[in-house]
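Architecture and fold: a report
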Amino acid sequence: LVRDQFDVAEPILAGYDAMHESDLVDMVGQGSNRVCETIATRTGLQASVAGAIAEVGNRESCVRLIENESASIARISLARIAERFRTDAHIRSSLIARDDLPAETRHLLLTSLSDALESLVVSRKWMAPERSRATVRDACEKATIEFAGAVQDTEQKALVAPLASITRLTPGMPMRALVVCHVM
């Protein structure tokens, strides 16, 4: 029945408890966008199914997954959604609102937001490109330091490595962190 027409399959995909986790993963991989969107709303959705949606689901299925409070979503799946849809304002804000979002993923979304703001400012000619870039970089550094000071020690270490690898860890950032009494 789940491979039948969507109208027939929908109630089964949405909540039939006897469906096996592996069958749901297969349905996500082989099904239509409507199938993925429906599965993403299931109560008590397992992490493996959420992972499949994070990997191959369309935008709407990922939105529904993020907003499904009963879904078990692994941190790596949240990171994958962020990587795939970091320029999408709705997904970005929905992810940032989650308490279980990893620090490095939160920072990825912060930099994506700062890049979007810089593009807006430059496209509207509110500032010269060089000044906009410097202003946004400064604001992003400040936000990163505040954010790094608020996360747990284990997450601080996970946050610093990506900063260094993408050249966002500028020489001024550690100095600024020391001045504001945060340790990176």
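Fair warning: this is a prediction, and the values are worked out from it, not measured in the lab.

If you tally the helices and strands in the chain, you get eleven helices and zero strands. Start at the N end of the chain and walk to the C end: the helices and strands fall as α-α-α-α-α-α-α-α-α-α-α. Of the contacts formed within the chain by residues at least 6 apart in sequence, a portion of 56% connects residues at least 24 apart.

Once that is clear, we can look at the environment of Ser61. As for its position among the elements, Ser61 is in helix α5 (residues 59-67). Judged by relative accessible area, which is 0%, Ser61 ranks as buried. A C-alpha to C-alpha distance of 8.1 Å links Ser61 and Ile39, two positions 22 residues apart in sequence. For Ser61, the contacting residues outside a window of four places in its chain are Cys36, Glu37, Ala40 and Ile53.

The next subject is helix α7 (residues 89-96). Where α7 is concerned, the buried positions are Ile91, Arg92, Ser94 and Leu95. Along the axis of α7, the buried positions cluster into a sector of 165°, meaning they face one direction only. Buried residues along α7 sit in contact with α5, α6 (75-85) and α8 (103-123). Regarding α7, its N-cap is Asp88, as a side-chain oxygen of that residue lies 3.1 Å from the backbone nitrogen of His90 further along.

Across all of its chains, the model carries seven salt bridges by this definition. Between Glu55 and Arg80 there is a salt bridge; the shortest N-O distance is 3.1 Å. Here the residue Glu55 occupies a position in helix α4 (residues 47-56), and Arg80 occupies one in helix α6, the gap between them amounting to 25 residues. A relative accessible area of 42% places Glu55 in the partly exposed class. Assessed through its relative accessible area of 27%, Arg80 is described here as partly exposed. Between Asp88 and Arg59 there is a salt bridge; the shortest N-O distance is 2.5 Å. Here Asp88 is found in the loop between α6 and α7, whereas its partner Arg59 is found in helix α5, with 29 residues between them in sequence. Looking at Asp88, the relative accessible area reads 17%, which means it is buried. Where salt bridges share partners, they join Arg59, Glu60, Arg64 and Asp88 into one cluster.

Even without a glycine there, the phi angle at Lys125 is positive, about 60°. Mapped onto the secondary structure, Lys125 falls in the loop between α8 and α9 (129-150). For Lys125, a relative accessible area of 73% corresponds to the exposed category.

With that settled, the discussion passes to the packing of α4 against α5. Two numbers describe a pair of packed helices, the interaxial angle and the distance between the axes. Across the interface, α4 lies against α5 with an axial gap of 8 Å and an inter-helix angle of 145°. As α4 runs across α5, the sense of the crossing is left-handed. Across the interface between the two elements, Ala50, Ile53 and Ala54 of α4 pack against Ser61, Cys62 and Leu65 of α5. In terms of residue class, the contact of α4 with α5 is made up of five nonpolar, one polar and no charged.

This part is about the nonpolar core. Within the largest apolar cluster, 32 residues are counted, with the highest numbers of intra-cluster contacts made by Ile39, Leu45, Ile53, Leu65, Ile81, Ile91 and Leu95. When residues no more than four places from it in sequence are discounted, the contact partners of Leu65 are Ala40, Leu45, Ala50, Ile53, Ala54, Ala71, Ile73 and Ile81.

Rules of the game
Residues numbered from 1 in each chain as written. Predicted model: local features only at pLDDT ≥ 70, side-chain atom pairs only at ≥ 80, totals over all residues. Heavy atoms only, no water. Helix = DSSP H or I, 4+ residues; strand = E, 2+ residues; numbered from the N terminus. Contact = heavy atoms within 4.5 Å. Buried < 20%, exposed > 50% of the residue type's maximum accessible area, 1.4 Å probe, protein only. Arc of directions from axis to C-beta. Polar contact = N/O pair within 3.5 Å; in protein donor to acceptor, adjacent residues only side chain to side chain. Salt bridge = Lys/Arg side-chain N within 4 Å of Asp/Glu carboxyl O. Axes fitted to C-alpha atoms, helices over the stretch in contact; angles between N-to-C directions. Left-handed = near helix turned anticlockwise from the far one by under 90°. Nonpolar A, V, L, I, M, F, W, Y, C, P; charged D, E, K, R; others polar. Core = buried A, V, L, I, M, F, W, Y, C linked by side-chain atoms within 4.5 Å.

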